[in-house]
Amino acid sequence: DPTNPIKALCSLSLLTHSSHTGKNKVGEVSGRDNSASPMITYMQDNPSMFRLRASKFLLLSVLILSQFLSTQLLAQRSKSPWQTLTGEAPLVIARGGFSGLFPDSSVTAYSFVSATSVPDAVLWCDVQLTKDGVGICFPDVTMSKDSNIECAYPKRKNSYHLNGVPTQDWFTIDFTSKDLKRVSLIRGILSRSPAFDDNRNVISTVENIATQFKPAGFWLNVQHDAFYAQHNLSMSGFLLSVSKTVTIDYLSSPELKFFRDIGSRFGKTGPKFVFRFLEKDDVEAFLVDFKKQSPYETVYQVEETLGDIFDSAIEDIKKLADAVVVSRLSVYSVSASFFLTGQAKLLQLLH
């Protein structure tokens, strides 16, 4: 009886025990005459085969019982339906708002989350700094892909080394917060609808998003702390200042030096620190720092990739971060044609 594994186990135990104690004992257990029973005749003629099959049934019943008892224990520990470590519901994190439809980091995208998602959804803001040190919610330090900056300021394209790579684009550090009032957000992925690419999607400051939406959780992602430091802008200074009026629940970055610098300055009531792993072959600023070179050099002289030095960096990550974010390709290795080739070692090391 699969709905009553304890009863099934007891019945099969009696049956198995009887097969080992003589031909007529089964009839004694059942309390019936053996002479007219085909099952009893089979048992008497094939005692070895019956014992083997009975043992298999007993093993199956033990497994069923174990599963039943484990389920009961888990139910006693937590009545939550969620299969998480704590039994709490998983976080819904809206990266740049509802950015799959609306322009990333736009007020429209954040508003749609408030209207349609769970009440405790976490709003994710990619923090960038302007020339005058104002923190804005914008997907990247380069602006051409996610805004109409090229139309607003066609002659202000610039070139910098970004993570050691010469990059030409429009950069947030070349514009004041006043300059950016003429710029609007657009879709960052061209395959998506252009219907919302209009001048109503202005660039918002971190304070504006936090004040306007009062999210249950606020996640700030810092992608290029070392780059801003090269240009005399302090991301740590901005975050410590804004934290006086804005509650920061999560703070993520791919740069270890950033966490070293800001970790002790927030105190025990500060945000949870989340280390972000980018793609395996990306060369990031934190690698330069880990190699004990200056993170502020104009040109990064680094050839190692994340995969090459991860074994050494893992201990620092464990000390500095409360959690990690990994890319999809960090979980399973894939071939050049995107076939799975095996599990990557990253998660095993992190566990």
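The shown structure was predicted, so the numbers you read here are calculated from the model rather than taken from an experiment. (Residues numbered from 1 in each chain as written. Predicted model: local features only at pLDDT ≥ 70, side-chain atom pairs only at ≥ 80, totals over all residues. Heavy atoms only, no water.)

S.K.: What is the right way to read a nonpolar patch on the surface from this model?
M.R.: On the surface, a nonpolar cluster with roughly 510 Å² of combined accessible area is contributed by Leu329, Tyr332, Val334, Phe338 and Leu340. Relative to the assigned elements, leucine 340 resides in strand β12 (residues 340-343). On the basis of relative accessible area, leucine 340 is assigned to the exposed category, the value being 64%. (Patch = residues over 30% accessible without salt bridge, like charges linked within 9 Å, V, L, I, M, F, W, Y side chains within 5 Å. Areas by Shrake-Rupley, 256 points an atom, 1.4 Å probe, with all protein chains shown as cover. Salt bridge = Lys/Arg side-chain N within 4 Å of Asp/Glu carboxyl O. Helix = DSSP H or I, 4+ residues; strand = E, 2+ residues; numbered from the N terminus. Buried < 20%, exposed > 50% of the residue type's maximum accessible area, 1.4 Å probe, protein only.)

S.K.: What am I meant to see in unusual backbone geometry here?
M.R.: Leaving glycine out, the prevailing phi sign among residues is negative, and the prevailing peptide bond configuration is trans. Of note in the backbone geometry, serine 105 takes a positive phi value of approximately 70° without being a glycine. Mapped onto the secondary structure, serine 105 falls in the loop between β1 (93-95) and α5 (107-116). Since its relative accessible area comes to 0%, serine 105 is described here as buried. Look at phenylalanine 338: it is not a glycine, yet its phi comes out positive at around 65°. Take phenylalanine 338: it is sitting in the loop between β11 (332-334) and β12.

S.K.: Looking at this structure, how should I read the nonpolar core?
M.R.: Side chains of a nonpolar character, in soluble globular proteins, are inclined to be buried together. Formed by 44 residues in total, the largest nonpolar core has its most connected members in Val206, Phe218, Leu220, Met235, Leu239 and Leu251. The contacts of phenylalanine 218, once residues within four sequence positions are left out, are Val122, Leu123, Cys125, Val206, Ile209, Ala210, Val246, Thr247, Ile248, Asp249 and Tyr250. Judged by nonpolar contacts, the second largest core, of 12 residues, contains Ala152, Tyr153, Trp170 and Leu180. (Core = buried A, V, L, I, M, F, W, Y, C linked by side-chain atoms within 4.5 Å. Contact = heavy atoms within 4.5 Å.)

S.K.: Sorry if this is basic, but what is going on with the confidence of the model for the protein here?
M.R.: Low-confidence regions, as indicated by low pLDDT, have predicted coordinates that should not be scrutinised in detail. For the protein, per-residue confidence averages 78 on the pLDDT scale, and residues scoring 70 or more make up 68% of the total. This stretch, residues 5-35, has a pLDDT under 50; its non-local contacts, to residues over four places away or in other chains, come to 36 contacts. The model gives residues 288-304 a pLDDT under 50, and that stretch makes 33 contacts with residues more than four places away or in other chains. (pLDDT = per-residue confidence, 0-100.)

S.K.: Can you help me understand the packing of aromatic side chains in this one?
M.R.: Centre distance and the angle of the planes are the two values used to describe a pair of aromatic rings. Scanning the model with the defined rule gives 16 aromatic pairs in all. Here the aromatic rings of tyrosine 110 and phenylalanine 213 are separated by 6.0 Å at their centres, their planes lie at 50°, and the arrangement is tilted. Placement of tyrosine 110 in helix α5 and of phenylalanine 213 in helix α7 (residues 206-213) is noted, with a sequence separation of 103 residues between them. In terms of burial, tyrosine 110 and phenylalanine 213 fall into one category: buried. With centroids separated by 5.1 Å and ring planes inclined at 25°, the aromatic side chains of tryptophan 219 and tyrosine 250 adopt a geometry described as stacked. Taken as a pair, tryptophan 219 in strand β7 (residues 217-222) and tyrosine 250 in strand β8 (residues 250-253) lie far apart in primary sequence, 31 residues in all. Summarising the burial analysis for this pair, tryptophan 219 and tyrosine 250 share the class buried. These aromatic residues form a ring-pair network of at least three members: Phe98, Phe102, Phe112 and Phe196. (Phe/Tyr/Trp six-rings, centres within 6.5 Å; stacked < 30°, edge-to-face > 60°.)

S.K.: What is the right way to look at the side chain of arginine 276 in this model?
M.R.: Note that arginine 276 resides in strand β9 (residues 272-276). Of the side chains bearing the opposite charge, aspartate 126 lies closest to the buried arginine 276, which forms no salt bridge; the N-O distance is 5.0 Å. A polar side-chain atom of arginine 276 sits 3.4 Å from a polar atom in the side chain of asparagine 221. For arginine 276, the contacting residues outside a window of four places in its chain are Arg95, Trp124, Asn221, Gln223, Ser252, Ser253, Pro254 and Val325. (Lys, Arg positive; Asp, Glu negative; His and termini not counted. Polar contact = N/O pair within 3.5 Å; in protein donor to acceptor, adjacent residues only side chain to side chain.)

S.K.: Would you explain the layout of surface pockets in this entry?
M.R.: Gaps left between atoms show up when a probe the size of a water molecule is rolled over them. Here the largest pocket defines a volume of roughly 850 Å³. Lining the largest pocket are 34 residues, with Arg95, Asp126, Pro139, Lys145 and Arg276 positioned closest to its centre. Taken together, the residues that form the lining of the largest pocket break down as 11 nonpolar, 9 polar and 14 charged. (1 Å grid on protein atoms, 1.4 Å probe; cavity = no way out; pocket = protein on both sides within 12 Å on 5 of 7 lines; lining within 4 Å. Points joined across faces, edges and corners; volume = space filled by probe spheres on them. Nonpolar A, V, L, I, M, F, W, Y, C, P; charged D, E, K, R; others polar.)

S.K.: Looking at this model, I keep getting lost on the state of the cysteines. Mind explaining?
M.R.: A covalent bond between the sulfur atoms of two cysteines is referred to as a disulfide. The final tally for this structure, using the stated rule, is 1 disulfide. Note that cysteine 125 is cross-linked by a disulfide to cysteine 137, the S-S spacing being 2.1 Å. Measuring the twist about the S-S bond at about -110°, one finds the cysteine 125-cysteine 137 disulfide to be left-handed. One end of the pair, cysteine 125, is in strand β2 (residues 122-129); the other, cysteine 137, is in strand β3 (residues 135-137), and 12 residues separate them in sequence. Grouping residues by exposure puts cysteine 125 and cysteine 137 together as buried. (Disulfide = S-S within 2.5 Å.)

S.K.: Would you explain the pairing of β7 in this entry?
M.R.: Walk down a regular strand and you will see the side chains alternate between the two sheet faces. Taken across its 6 residues, β7 has 6 buried, putting it largely inside the fold. Here β2 pairs with β7 via 6 bridges, running parallel. Across the sheet, the residue bridging to tryptophan 124 is tryptophan 219, located in β7. (Pairing = 2+ DSSP bridges.)

S.K.: Just checking my understanding: could you explain the packing of helix α9 (residues 235-242) against helix α10 (residues 256-266) for this structure?
M.R.: Between two packed helices, what matters for the description is the angle formed by their axes and the separation of those axes. Relative to each other, α9 and α10 sit at 25°, their axes nearing to 10 Å. If you check the angle between α9 and α10, you find them roughly parallel. When the axes of α9 and α10 are compared, the crossing they make is right-handed. Taking contact as the criterion, the partners of Met235, Ser236, Leu239 and Leu240 in α9 are, on α10, Phe258, Ile262, Arg265 and Phe266. (Axes fitted to C-alpha atoms, helices over the stretch in contact; angles between N-to-C directions. Parallel < 35°, antiparallel > 145°, perpendicular 65-115°, else oblique. Left-handed = near helix turned anticlockwise from the far one by under 90°.)

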